[in-house]
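Each chain is listed here by its residues.
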Amino acid sequence: AGLPVLSTQLDAVADILNGYEVGRTIASLDATEVGSVINAMLADPEALACMHRNALDAVQQEFNWGKERQKLLSLYEKVTIAESRLKKDFEYKR
């Protein structure tokens, strides 16, 4: 959907939001602070439009099934190879 995101300072989330410029992070969940940041974001339509475009680009280029599929297949291959080696080592030691 390309919606800008507002999150607390979770390291992994902050890395994505800041790295792809798709949202903002806040230090706490204080209602006043959250409201203030939301209002500031809504008051800057150009920044919102930029975050929207960046989010769509990130999904098309990085966070998509094609890329994740390759990572998952690579992981399965590594696990399968490791399992095969363990079985061979176990059988050899018998």
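For clarity, every value in this text was computed on a predicted model and none was experimentally measured.

## Comments concerning the packing of aromatic side chains
- Applying the stated criterion across every chain, the model contains 1 aromatic pair.
- Pairing Y20 with F63 gives two aromatic rings, centres 5.2 Å apart and planes at 65°, and the pair type is edge-to-face. In this pair, Y20 sits in helix α1 (residues 11–20) while F63 sits in the loop between α3 (45–61) and α4 (65–93), placing the two residues 43 residues apart along the sequence.
- Classification of F63 by relative accessible area gives partly exposed; the value is 38%.

## Re the nonpolar core
- I26, V37, M41, A47, L48 and M51 form the largest nonpolar core, which has 6 residues in total.
- Looking at this core, the elements that each hand over two or more residues are α2 (31–42) and α3.
- Counting residues per element, this core draws most heavily on α3, at 3 residues.
- Not counting residues within four places of it along the chain, the set of residues in contact with L48 comprises P4, M41 and L42.

What counts, and at which threshold
- Residues numbered from 1 in each chain as written.
- Predicted model: local features only at pLDDT ≥ 70, side-chain atom pairs only at ≥ 80, totals over all residues.
- Heavy atoms only, no water.
- Phe/Tyr/Trp six-rings, centres within 6.5 Å; stacked < 30°, edge-to-face > 60°.
- Helix = DSSP H or I, 4+ residues; strand = E, 2+ residues; numbered from the N terminus.
- Buried < 20%, exposed > 50% of the residue type's maximum accessible area, 1.4 Å probe, protein only.
- Core = buried A, V, L, I, M, F, W, Y, C linked by side-chain atoms within 4.5 Å.
- Contact = heavy atoms within 4.5 Å.

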